[in-house]
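Each chain is listed here by its residues.
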Amino acid sequence: MQTFRSEIENPIVEKDIIELEKKIRMYRTGKMQEDKFKSLRLARGIYGQRQLGVQMIRIKLPFGRVTTKQLLHIAGISDEYSTGNLHLTTRQDIQLHFVSLDRTPELWTRLDEEDITIREACGNTVRNVTASPEAGIDPNEPFDVSPYADATFRYFLRNPICQEMGRKFKITFSSSDRDTAMSYIHDLGFIPKVQEVNGKLVRGFKVVIGGGLGAQPMLAQPMYEFLPANQVIPVIESVIRVFDRYGERSNRNKARFKYVISKIGLDEVMRLIKEETRALKVHSFEVDETVDFTPALPAPKAIPDYIIENTEKYDAWLKTNVFAQKQEGYFGIYIKVPTGDISSDTARILAPLVRDFAGDEIRVTQNQGLLLKYVKQEALPYFFAQLEALNLAEPGFDSVADVTTCPGTDTCNLGISNSTNFAKVLEDIIIGEYPELIFNTDIKIKISGCMNSCGQHGISNIGFHGSSLKSGKNVLPALQVLLGGGTVGNGVGRASDKIIKVPSKKATDALRYVINDYYANKEDNERFNDYYDRQGKNYFYQLLKPLADLTNLTPDDFIDWGHQEEYSTAIGVGECAGVMIDLVVTLLYESDEKLEWAAEALEGKRFADAIYYGYGSFVSTAKALLLDKGLKGNTQIGIIDDFDANYVAEGTFAFEPSFKETVLQLNQHEPSEAFAREYIGQALLFLQQASSYRQQQRQMPSPKPVERGA
């Protein structure tokens, strides 16, 4: 592996990239344990694929926003480092696949040339901050939420409070009560509101908390009916601090914030959130409402000649993919992107089209499509003709025929069955057998390759997730059928019900059975979920039960969609939320490293950050010593309590009045320089004492912290 030399202007990003290259070297030469390295690379957007030796790179696009110049840049990078494909995700990111690990620092450097990052796109971090793609042009919005999503992204990027949480943390901003960003499935969701206070209109948000999908979907609960806009950042920080301390860290299946709320209750969570207020970096954060997120508009230009051969398709496209913006005279164009995959060649043709005849901004949508903005009405026919030439003018955006899917077994370690090919099959069935459904946006079909709901099957009206069935000694691919989920509005949603598991090759008939029954039995203008509620879950179980019969299987039933070989359940180790690092020596090393970061923060007068690094050192050191006694704390607060019970109570370590009260000073004080220096000094002394104690007990070398002023 050759030494990588970074030549970028941003010193913070440069430090990140140099550190990544250094850690890759340490890993390659056996100087860094694999689990520790895995945790580090995930937090840098580098995700191990199903295929050995290559990585998926997740590019973090705040609220899905990308300029044409950035899109062209990503396309070129995909050609050079990946496969020439750009995969759009349900979290408004772009993913590149089959990338060599050794080339990732260089790839990141190239991305930074256009202010694009991969930092914290994966792992136990605050993931990409999403928002309604229509934000800024939504006719129903009280105000543009883009500045708030952008400020949230920037405030928490590299923030020490959210670098090593028990699991990922997801935040979104919807543009209106329609809740197109699906706030109810997020750890924190924000819906814009305006209230009149003392004769003035004040911006704020309805806030919902504790949502999440996965194998056990939970819907968010109301937190505030109206939170003033200047309290958004402080509230998010308080919530994350509570999650970091009380979130599960051993059982990753129970490590999302929704489980903290389930365990201790929303009232107690709210009390703990309030308790963090004093220690916050800021108690009020004014987002600059004057910042204009309107994209650069093109200079007037003559529309080139064009031909529309299929006027019927054009009319359908106008009805399903185009809408009038709140800005008079301008239109938004949705682009339906099957399975979320767009080639770099297509991107290179699309970008100049957008630049010349639309606003210079594209937004990735939550159903893996694209949204173009600020198109003049007279340019719409030309846009259709050009998109048609790119195979991007299919009508039916966000309709029954617009199926959301994760990559499944194409690249994901956790994939159980193929989802992308199945999605294409379902879209063909809708378009071929039920063409009128391209105008139906009431029913959403969503597919995931496993139960983790990356394809959002947990909130689908009609959904499927990958599974398997056993027939004698043989295993065949299967799909769990789900019904009845979806968005209600204003922070309220519905989780889908699991109905029945059927062989994958019979899941197409499951779709037909449900749609045909809906057509035959629905009442006038009855929406799908109302029809589902009226009939009841058992009705659909009985309807689909014949498809679960395994007595009449054919050889084709043992072959998954898009495959020719016989099915096998080759499931790898998933990396969706990182891994746990439990080795004592690694934890002591991390404690020392956190104190180095604390010293840097002190020098930069970032006292709140310095204090939080000190807190992290306290916890890592305590966990290391508890492991020597075979105790694995599953939360940070549990580790703190266990250390008091197992080391302080028996007199091995002295803390007055207790270790817990010493450590939790961080939320009892304002983040002043004096307190930061005192607190970090205590953490440093504890690490030194712990290292000496372990050396004496184990007669083995232990990391020796570098002496530094506190």
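Structure shown above.
Keep in mind that this is a model prediction, so the values were computed, not measured.

**Considering the sheet that holds strand β7 (residues 171–173)**
Step number 1: Strand order in this open sheet of five strands is β6-β7-β8-β9-β10, and the pairing throughout is mixed. Where the open sheet ends on each side, the last strands, each with one partner, are β6 (130–131) and β10 (221–228).
Step number 2: In this sheet, strand β9 (residues 200–209) lies alongside strand β8 (residues 188–197) in antiparallel orientation, the contact comprising 10 bridges. Bridge pairing in β9 places Lys193 opposite Gly204.
Step number 3: Sheet contacts for helix α5 (residues 146–156): β6, β7 and β9; angle to β7, the most-contacted strand, approximately 160 degrees.

**Quick word on the side chain of Asn321**
Step number 1: Mapped onto the elements of the fold, Asn321 is located in helix α9 (residues 311–321).
Step number 2: For Asn321, the side chain forms a polar contact with the main-chain nitrogen of Phe397, separated by 3.3 Å.
Step number 3: Residue contacts for Asn321: discarding those within four places in its chain leaves Gly332, Ile333, Tyr334, Lys336, Glu394, Pro395, Gly396 and Phe397.

**Focus: the state of the cysteines**
Step number 1: Per the counting criterion, the structure on display carries zero disulfides.
Step number 2: Among the cysteines around Cys450, which has no disulfide bond, Cys412 carries the closest sulfur, lying 6.0 Å off.

**Brief notes about the sheet that holds strand β11 (residues 322–324)**
Step number 1: Read across the open sheet, the five strands follow the order β3-β14-β15-β12-β11; overall the sheet is antiparallel. Bordering the open sheet on either side are β3 (65–66) and β11, each of which pairs with just one other strand.
Step number 2: Packing of helix α10 (residues 344–357) onto the sheet brings it into contact with β12 (330–335), β14 (362–364) and β15 (370–376), and relative to β15 it is tilted by some 35 degrees.

**With respect to the environment of Leu157**
Step number 1: Along the chain, the position of Leu157 falls in the loop between α5 and β7.
Step number 2: For the pair Leu157 and Arg256, spaced 99 residues apart in the sequence, the C-alpha separation amounts to 19 Å.
Step number 3: When near neighbours in sequence (up to four residues on either side) are disregarded, Leu157 contacts Lys60, Arg119 and Glu120.

**Observations regarding the pairing of strand β5 (residues 94–99)**
Each regular strand carries side chains that alternate between the two faces of the sheet.
Step number 1: Across the six residues of β5, five count as buried, placing the element largely inside the fold.
Step number 2: The sheet contact formed by strand β4 (residues 85–88) and β5 spans two bridges and is antiparallel. Within the sheet, the bridge partner assigned to His87 lies in β5 and is Gln95.
Step number 3: Two successive antiparallel strands, β4 and β5, enclose a turn made up of five residues, where Gln92 displays a positive phi of approximately 65 degrees.

**Quick look at the pattern of salt bridges**
Step number 1: Evaluation of the coordinates by the stated rule reveals 48 salt bridges.
Step number 2: Between Glu237 and Arg241 there is a salt bridge, and its shortest N-O distance comes to 3.9 Å. Here Glu237 pairs with Arg241, and both are found in helix α6 (residues 232–246), just four residues apart, close to one helical turn. Considered together, Glu237 and Arg241 belong to a single accessibility category, that of buried residues.
Step number 3: Here Lys444 ties to Asp398 by a salt bridge, and the two come within 3.9 Å at their closest N and O atoms. Separated by 46 residues along the polypeptide, Lys444 in the loop between α12 (420–433) and β17 (445–448) and Asp398 in the loop between α11 (380–389) and β16 (404–405) bring together distant segments of the chain.
Step number 4: Residue Lys444 is classed as buried on the basis of its relative accessible area, which comes to 17%.

**Some remarks on the nonpolar core**
Step number 1: In terms of nonpolar packing, the biggest core is built from 87 residues, with Phe169, Phe173, Leu188, Phe190, Phe205, Phe643 and Phe659 touching the most fellow members.
Step number 2: In terms of residues, this core owes the most to one element, helix α17 (residues 607–627), which gives 13 residues.
Step number 3: In this view, Phe173 contacts Val129, Thr130, Ala131, Ser132, Val145, Tyr148, Ala149, Thr152, Ala181, Phe190, Phe205 and Val232; residues no more than four positions away in its chain are not counted.
Step number 4: Core analysis: the second largest hydrophobic core is formed by 58 residues, Ile59, Val322, Ala351 and Val364 among them.

**Description of the packing of aromatic side chains**
Step number 1: A complete count under the given rule lists 49 aromatic pairs for this structure.
Step number 2: Ring geometry for Tyr539 and Phe540: centres 5.2 Å apart, planes at 80 degrees, overall edge-to-face.
Step number 3: Note on Tyr539: relative accessible area 28%, which makes it partly exposed.
Step number 4: Relative accessible area serves as the criterion here: at 0%, Phe540 is assigned to the buried category.
Step number 5: Ring-pair connections join several aromatic residues into one group, and the members of that group are Phe618, Phe643, Tyr647, Phe653, Phe655, Phe659, Phe675, Tyr679, Phe686 and Tyr693.
Step number 6: Its end group placed over the ring of Tyr518, Lys522 keeps NZ or CZ at 5.7 Å from the ring centre.

**Observations regarding helix α7 (residues 257–264)**
Step number 1: Of the residues making up α7, those classed as buried are Phe257, Lys258, Tyr259, Val260 and Ile261.
Step number 2: The inward-facing, buried residues of α7 contact β9, β10, α6 and α8 (266–275).
Step number 3: Taken from the residues just after α7, Gly265 is the one with a positive phi, measuring 90 degrees.

**A few points about the packing of α5 against α6**
Step number 1: Here α5 crosses α6 at 45 degrees, and the two axes come no closer than 11 Å. Put simply, α5 runs oblique to α6. The handedness of the crossing between α5 and α6 comes out as right-handed. On α6, the residues that touch Ala151, Thr152, Tyr155 and Phe156 of α5 are Val232, Ile233, Ile236, Glu237 and Ile240.
Step number 2: A breakdown of the residues in the contact of α5 with α6 according to their chemical character gives seven nonpolar, one polar and one charged.

Thresholds, definitions, all that
- Residues numbered from 1 in each chain as written.
- Predicted model: local features only at pLDDT ≥ 70, side-chain atom pairs only at ≥ 80, totals over all residues.
- Heavy atoms only, no water.
- Pairing = 2+ DSSP bridges.
- Helix = DSSP H or I, 4+ residues; strand = E, 2+ residues; numbered from the N terminus.
- Contact = heavy atoms within 4.5 Å.
- Axes fitted to C-alpha atoms, helices over the stretch in contact; angles between N-to-C directions.
- Polar contact = N/O pair within 3.5 Å; in protein donor to acceptor, adjacent residues only side chain to side chain.
- Disulfide = S-S within 2.5 Å.
- Buried < 20%, exposed > 50% of the residue type's maximum accessible area, 1.4 Å probe, protein only.
- Salt bridge = Lys/Arg side-chain N within 4 Å of Asp/Glu carboxyl O.
- Core = buried A, V, L, I, M, F, W, Y, C linked by side-chain atoms within 4.5 Å.
- Phe/Tyr/Trp six-rings, centres within 6.5 Å; stacked < 30°, edge-to-face > 60°.
- Lys NZ or Arg CZ within 6 Å of the ring centre and 35° of its normal.
- Parallel < 35°, antiparallel > 145°, perpendicular 65-115°, else oblique.
- Left-handed = near helix turned anticlockwise from the far one by under 90°.
- Nonpolar A, V, L, I, M, F, W, Y, C, P; charged D, E, K, R; others polar.

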